[in-house]
Amino acid sequence: MNPPNHTSRPGAGLTETLSIPTIVEPKGQNDVVDAGLKNLHHYRRALPKWRYKLRQSLLPIVRWETPHLAALQAMMRNPVLDRYFAVTANLGTHTFFMIGLPILFWCGFREFGKGLVHILAMGVFFTGFIKDMCSLPRPLSPPLQRITMSGSAALEYGFPSTHSANAVSVTVYAILMLRRETNTFSPTTTLALEALSYFYALSIVIGRLYCGMHGFVDVIVGSAMGAAISLVEFYYSPLLEAWMHSSTYTAPLTIALTILLLVRVHPEPADDCPCFDDSVAFAGVMIGLETGIWRFARYSPYASIYNGPDATFDLAALGWPRTIARLLFGVAVIFAWREVAKPSLLRFLPHLYRVIETHGWSLPRRFFVPASEYKDVPLHVRDDNVLPNVADLPKLVRSIRGPGRGRSVSIGPQSAADAYETLAYRERRRRESLGSENGAAGVGIGFLAVDASLTIFEYVGLGAAHLSTR
C-alpha cells in the first residue's frame, strides 16, 4: 500500500512533475519507456486471461486514434499554446488540489471543500483502478509530440484520463452548488463563476489532447466518470453527512475500513504504474478528513463557528490581513507535518510491516519488496507525487510561473509495431515502506485541514471565535 520511489530514473518524482520541460530524445532498449508498451507476451503472462482479452480488444482504439491526434496537434501547434497547456495541466494535478483544498475549509467553504475532496479522491481511485485493470498505453509518440512538464508521465497508463475526470468533476460540482437555492452570490458573480468553471474544464480536457497525453476515448470516458462522480456526491453526500453526525465512532471507523477494502481490491498493473500509489495517498487524506470532520463536529468547542446553518464564521469580518496570515500559517503547518511525519514513518513502518508479514496479512504487490527483505529505508528520497518537500517549493513556484526555455516536448516509441516488439520497461521494485508513509501522512493532512488547524488558529490569534455576525 505504498507510493513509489521514482528516484531510480532521472526526471521522476514531484519536483520533476512541475519542473522546467525539456526535449527528451527516444530511449534505448534498456531505458524506461511508456507504461503499456512492453511486448504482448509480457501482458499475456502478467494479466489474468479476462483482463488480457479486454486489453487486446481496446488496443486498436489507441492505434486508430494516434494519426488523428497527430493531425489535430500539427494543425494547432504554436509556442503560446504549448506554454499555456503545459502550465494549466498543473491545475489538474494532485499537488494543486492537495495544497488548495485546505484553504476552502479555512475560508469557511467547508461543504464545498469536503465535496471536492470526495470527488477528487473518487476520481483518482476509480480512474486509477481502470488504468491498472486495462493497462493501455498513452497515444504513441511519434507521430505525436508529448507536451508536458512532467518527468514521470510515461510511467502511467492512458485510459481513462484522470486529469479530465478531475476537471469535469470539479466543474460539474461547482455548477451544481452555484445553482442551489442557498447560493448567496449575486447573479452576475454566479454567471462569472459558472463561465470560469466551464473554461477550466475545457482547458484541461482539450489540453490533454493537444499535449498528446491522451486520446479521444481517454478524455471522453474520464469526463463521463468525473460528471457521474459529482452527481453522486451532490445528491447523496447529505445522507452520509447526516449519518456521520448522528453516529458514534463507528461511522468514521466504517468509512476507514471501506476505504482500506477498496485499496485492497485495486488491480495489480502489468507495469510499474503509480496509480495504486496515488490511490493510497488520497485514501489516507479521505480517512483523515472524515475522522477530523466527525470529531470536530461532535467534540470541538469551536464547531458552532464553522458547522451548520447558524455558523458564525464570516470571511469578510475576519479581514484580509488576518485571512492571508491564516492561510500562510495553515499551509506552513501542513508542510511542517509532512517534513516531520515522513522520516518518522519511514523509521517506524518497516517494523510494523514485518509484524504484519509474520501473520500473513501483508498486501501482495509485485512491484514492492516485502519489509522482511530489506533493512534500511532512505529518509530523503523524492518519492512523494502528491505533496512536495519544502526544499522543492522554489522550483515548484518557478515552474508554475512558466516553463522557461525550450519546448515541453518528449518523444517516445516510433510506432506501435516497434513499441510492442522492441521496447522494454525497466523493472523496479520498491521497499514496502517507501511511500506507504504518504498514505499515513495523508491521514494527518486531512485531519489537520478540517480539525487541528482550526483549533490552532484560535490559539495563535488567527481564529474566528471573536466574530459575532448574527
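Chains are numbered independently. Their residues run from 1 in the order of the written sequence. Local features in this predicted model are restricted to residues whose pLDDT is 70 or higher, and side-chain atom pairs enter the listing and the counts only when it is 80 or higher, whereas totals over whole chains, interfaces and linings include all residues. Side-chain calculation: all heavy atoms of the structure are included, whereas hydrogens and water are not.

Enquirer: Got a sec to walk through the pattern of salt bridges? Specific residues and values, please.
Expert: Any carboxyl oxygen of Asp or Glu within 4 Å of a side-chain nitrogen of Lys or Arg constitutes a salt bridge here. If you walk through the whole model with that rule in mind, you get nine salt bridges. Here Asp-82 and Arg-77 are joined by a salt bridge, their closest N and O atoms 2.8 Å apart. Classification of residues uses two cut-offs on accessible area relative to the type maximum, computed with a 1.4 Å probe and protein chains only: under 20% is buried, over 50% is exposed, and between them is partly exposed. Judged by relative accessible area, which is 3%, Asp-82 ranks as buried. The residue Glu-241 makes a salt bridge to Lys-114 at a minimum N-O spacing of 2.2 Å.

Enquirer: Could you give an account of helix H3 (residues 49-76), naming the residues involved and the relevant values?
Expert: Segments assigned H or I by DSSP are reported as helices when at least four residues long, segments assigned E as strands when at least two residues long, and all are numbered from the N terminus. Given the number of residues in a helix, its expected span is that number minus one, multiplied by 1.5 Å. In this model, H3 (28 residues) spans 41 Å end to end at C-alpha, consistent with the 40 Å of a helix rising 1.5 Å per residue. Those residues of H3 that fall on the buried side of the exposure criterion are Arg-51, Tyr-52, Arg-55, Leu-58, Leu-59, Val-62, Glu-65, Thr-66, Leu-69, Ala-70 and Gln-73.

Enquirer: Pulling in residues and values, what's your account of the nonpolar core?
Expert: Counting 53 residues, the largest nonpolar core has Phe-105, Trp-106, Leu-116, Val-117, Ile-119 and Tyr-306 as its most contacted members. In terms of residue count, helix H11 (residues 275-299) provides more of this core than any other element does, eleven residues in total. Residues count as neighbours in contact if any of their non-hydrogen atoms are within 4.5 Å of one another. Those residues in contact with Leu-116 that lie beyond four places of it in its chain are Leu-101, Leu-104, Val-170 and Tyr-173. We call a set of buried residues a nonpolar core when its members are Ala, Val, Leu, Ile, Met, Phe, Trp, Tyr or Cys and they connect through side-chain atoms within 4.5 Å of each other. Ala-35, Tyr-43, Ala-46 and Ala-270 belong to the second-largest nonpolar core, a separate cluster that totals nine residues.

Enquirer: Report on the side chain of Glu-194, specifying residues and quantitative values.
Expert: Topologically, Glu-194 is positioned in helix H8 (residues 187-210). With a relative accessible area of 10%, Glu-194 lands in the buried category. Polar contacts involving the side chain of Glu-194 include one to the side chain of Arg-179, which spans 3.1 Å. Those residues in contact with Glu-194 that lie beyond four places of it in its chain are Ile-175, Leu-178 and Arg-179. Here a polar contact is recorded for every N or O atom pair within 3.5 Å, except that within protein the pair must consist of a potential hydrogen donor and a potential acceptor, and residues adjacent in sequence are included only if both atoms are side-chain atoms.

Enquirer: Go over unusual backbone geometry, please, and point to the residues and values.
Expert: A cis amide bond, omega -5°, links Phe-159 with the succeeding residue Pro-160. Mapped onto the elements, Pro-160 comes out in the loop between strand E1 (146-147) and helix H7 (162-178). With a phi angle near 55°, Ser-135 is a residue other than glycine that sits in the positive phi range. Positionally, Ser-135 belongs in the loop between helix H6 (110-134) and E1. Exposure remark for Ser-135: the relative accessible area of 0% places this residue in the buried category.

Enquirer: An account of the confidence of the model for the chain is requested, with residue identities and associated values reported.
Expert: Scored from 0 to 100, pLDDT records how confident the predictor is in each individual residue. A residue-level look at the chain finds 73% of positions with pLDDT of 70 or above and a mean pLDDT of 76. Segment residues 400-429: pLDDT under 50, and 101 contacts once partners within four positions in sequence are set aside and those in other chains are kept.

Enquirer: Could you give an account of the packing of H7 against helix H9 (residues 216-246), with specific residues and numbers?
Expert: All axes are obtained by fitting lines to C-alpha atoms, using only the stretch in contact for helices, and the reported angles, taken between N-to-C directions, cover 0 to 180 degrees. The N-to-C vectors of H7 and H9 enclose an angle of 35°; their axes lie 7 Å apart at closest approach. Remark: the crossing between H7 and H9 carries right-handed chirality. Contacts between H7 and H9 involve Ser-164, Ala-165, Val-168, Ser-169, Val-170, Val-172, Tyr-173, Leu-176 and Met-177 on the former and, on the latter, Val-219, Gly-222, Ser-223, Gly-226, Ala-227, Ser-230, Leu-231, Glu-233, Phe-234 and Tyr-235. Residues are sorted three ways: Asp, Glu, Lys and Arg are charged, Ala, Val, Leu, Ile, Met, Phe, Trp, Tyr, Cys and Pro are nonpolar, and all the rest, Gly among them, are polar. Along the lines of polarity and charge, the residues of the contact of H7 with H9 split into twelve nonpolar, six polar and one charged. In this scheme the crossing of two helices becomes right-handed for a clockwise turn of the near helix relative to the far one and left-handed for an anticlockwise turn of less than a right angle.

Enquirer: How would you sum up the packing of aromatic side chains? Please name residues and give values.
Expert: Planes of paired rings set the category: under 30 degrees apart is stacked, over 60 is edge-to-face and the rest tilted, where pairs are Phe, Tyr or Trp rings (Trp by its six-membered ring) whose centres lie within 6.5 Å. Applying the stated criterion to the full structure yields twelve aromatic pairs. Between Phe-329 and Phe-457, the aromatic rings sit 6.4 Å apart at their centres with planes inclined by 55°, giving tilted as the arrangement. Placement of Phe-329 in helix H14 (residues 320-358) and of Phe-457 in helix H17 (residues 436-459) is noted, with a sequence separation of 128 residues between them. Given the relative accessible area of 0%, Phe-457 is considered buried. Pairwise contacts between aromatic rings join Phe-112, Tyr-173, Phe-234 and Tyr-235 into one cluster. A cation over an aromatic ring shows up here: Arg-55 above the ring of Tyr-43, its NZ or CZ 3.7 Å from the ring centre. Only when the NZ atom of a Lys or the CZ atom of an Arg is both within 6 Å of the ring centre and within 35 degrees of the ring normal do we say a charge sits over the ring.

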